[in-house]
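Spelled out, the chains give:
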Amino acid sequence: MTISEIAKLAEVSSAAVSRYLNGGSLSEEKRNRIKAVIEETGYVPSEYARTLRTKKTYHVGVIVPNIKSSTTARIVSGIGSVLQEKNYHMVLADTDNDAGQEVKYLEFFGNGQMDGVIYIAGAITRRHMEILKRYRIPVVVVGQMVSEFDCVYHDDFHAARDMVEVLLESGCRRPGMIFVTPKDKAAGEMRIRGAQAALGERGFIPEAVPCVEAGFTLEDGYEKMEELLKKRSDIDGVFCATDSLAVGAVMYLKEAGKRIPQDIRICSVGNNQASDIIDPRLSTAHYHYRTSGIEAARMLISKMRAGEERPRRQLMLGYEVLRRESTGTAADRHVLGGFGKRMQMPAGSALR
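The name given to the protein chain in an unreviewed UniProt entry is LacI family DNA-binding transcriptional regulator, with the source organism recorded as Candidatus Caccovicinus merdipullorum.

What follows is the structure, encoded as structure tokens:
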């Protein structure tokens, strides 16, 4: 089958079929007719011919920190839904939280047969920036605010501030904190600053509040909770930078004979799958990770089509405060937009 034959069967022009195959704009009626013919005939376009014709590969590189993470899976799901709709192929690179592997994949995708790259970022080093600035193809960064590039990120400062407020409002008087490295601007620096802001507003001296720095795994949360209690044994509330750390902390506290929330309250940021099934359920800030993937893919496709003519975009997504049993508060939910603007959540709204 050729494009001309598909066009004849669908009663449209060859140009319309070409636009359909390349993700271009079409009326819904024409799009449905072409789709029906392609599905009926089993037509598969020649990738080689399309590359020669358009000078594009229709491949997008996606660099992820850990594909086993439910957070990463939600972002990738959003990216994939858009790329598939626009007839792009996703080439996935899992770095397993190794900064060296990130650098290698950034170099490989920048020099390879990719039309664009989506980089789900953690700690961005000078080496990362050097490579990204040499890119001749569009790139979108997810999870970090990077002023030099298009990016989709979260309001980490206000999410952390609000969750510490939840902790203090629940009756916590002797708080402690488990953070991640401030080299990670989003999960580290901004959440540290947000938590400290909430503490300062409530009359605490942030620097005097016991805290420990951890990695990103559940095991890190377990180990660092023990370390935190050695610093101050009478802590009655803990803010964790991530849900994974909080889940690990809960596991240690249970083994240590501590009751949650009666003895120690706990909260975090992210709302991964475990936060809703662990007992007690975690109070946390829900991030719209799948939406961030959708927006990043749309942003990249727009950039690939418009080239340097399109202005750079930085999109910060809102979040939702989920009050659950780990802070001893009744289930409650509020939607917050960028910069902590509070809105009431519509009944029955789905989390993504």
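Having seen the structure, we can now continue with the description.
Draft legend 1. Representation of the overall build of the protein chain in the model. A tally of helices and strands in the protein chain yields 12 helices and 14 strands. Relative to its 352 residues, the protein chain shows a buried fraction of 53%. Within the protein chain, contacts between residues at least 6 apart in sequence are counted, and of these 68% link residues at least 24 apart. For the protein chain, the exposed area adds up to about 16600 Å²; of that, 50% sits on carbon and sulfur atoms.

Draft legend 2. Up close: the sheet that holds strand E4 (residues 139-142). Ordered by their spatial adjacency, 6 strands build an open sheet running E2-E1-E3-E4-E5-E11, and the pairing between neighbours is parallel. This sheet does not close on itself; its edge strands, each paired only once, are strand E2 (89-94) and strand E11 (314-317). Strand-to-strand, the axes of this sheet are offset by a mean angle of 15°, without reference to chain direction. Across 4 bridges, strand E3 (residues 116-120) lies against E4 in parallel orientation. Within the sheet, the bridge partner assigned to Tyr119 lies in E4 and is Val141.

Draft legend 3. Quick look at helix H6 (residues 99-111). With 13 residues, H6 should reach 18 Å at 1.5 Å per residue; the first-to-last C-alpha distance of 19 Å fits that figure. Within H6, burial applies to Glu102, Val103, Leu106 and Phe109. Angularly, the buried residues of H6 cover 140° about the axis, an arc narrow enough to put them on a single face. Among the exposed residues of H6, those oriented more than 90 degrees off its buried face are Lys104, Phe108 and Asn111. Considering only its buried residues, H6 is in contact with strand E1 (59-64), E2, E3 and helix H7 (126-133).

Draft legend 4. Looking closely at a nonpolar patch on the surface. On the surface, Ile67, Met90 and Leu92 cluster together into a nonpolar patch covering about 220 Å² of accessible area. Here Met90 is to be found in strand E2.

Draft legend 5. Here's a closer look at unusual backbone geometry. Cis geometry marks the peptide bond from Ile260 to Pro261, where omega comes out at 10°. Turning to its location among the elements, Pro261 is positioned in the loop between helix H11 (243-255) and strand E9 (265-270). Of the consecutive residues Asp279 and Pro280, the connecting peptide bond is found in the cis state with omega at 0°. Mapped onto the elements, Pro280 comes out in the loop between E9 and strand E10 (283-287). Its identity is not glycine, yet Asn271 carries a phi of approximately 60°, on the positive side. Locating Asn271 in the fold gives a position in the loop between E9 and E10. Among the residues examined, Asn271 registers a relative accessible area of 7% and is labelled buried.

Draft legend 6. Region of the structure containing the packing of H6 against H7. Contact geometry of H6 with H7 gives a least axis separation of 10 Å together with a crossing angle of 10°. Between H6 and H7, the angle is such that the two are roughly parallel. Within the contact between the two elements, H6 uses Ala99, Glu102, Val103, Leu106 and Glu107 and H7 uses Arg127, His128, Ile131 and Leu132. Looking at the contact of H6 with H7 residue by residue, the classes come out as 5 nonpolar, 1 polar and 3 charged.

Draft legend 7. How the structure looks around the pairing of strand E6 (residues 175-180). Among the 6 residues of E6, 6 are classified as buried, and the element is accordingly described as predominantly covered. In E6, alternate side chains face the same way, and those of Pro175, Met177 and Phe179 on one face and Gly176, Ile178 and Val180 on the other are all buried. Examined bridge by bridge, E6 and strand E7 (residues 211-214) share 4 bridges and lie parallel to one another. Bridge pairing links Val180 to Ala214 in E7. Handedness of the crossover joining E6 and E7 through helix H9 (residues 185-201): right-handed.

Cut-offs used in this document
- Residues numbered from 1 in each chain as written.
- Predicted model: local features only at pLDDT ≥ 70, side-chain atom pairs only at ≥ 80, totals over all residues.
- Heavy atoms only, no water.
- Helix = DSSP H or I, 4+ residues; strand = E, 2+ residues; numbered from the N terminus.
- Buried < 20%, exposed > 50% of the residue type's maximum accessible area, 1.4 Å probe, protein only.
- Contact = heavy atoms within 4.5 Å.
- Areas by Shrake-Rupley, 256 points an atom, 1.4 Å probe, with all protein chains shown as cover.
- Pairing = 2+ DSSP bridges.
- Axes fitted to C-alpha atoms, helices over the stretch in contact; angles between N-to-C directions.
- Expected span 1.5 Å × (residues − 1).
- Arc of directions from axis to C-beta.
- Patch = residues over 30% accessible without salt bridge, like charges linked within 9 Å, V, L, I, M, F, W, Y side chains within 5 Å.
- Salt bridge = Lys/Arg side-chain N within 4 Å of Asp/Glu carboxyl O.
- Parallel < 35°, antiparallel > 145°, perpendicular 65-115°, else oblique.
- Nonpolar A, V, L, I, M, F, W, Y, C, P; charged D, E, K, R; others polar.
- Right-handed = clockwise from strand over helix to strand, strands pointing away.

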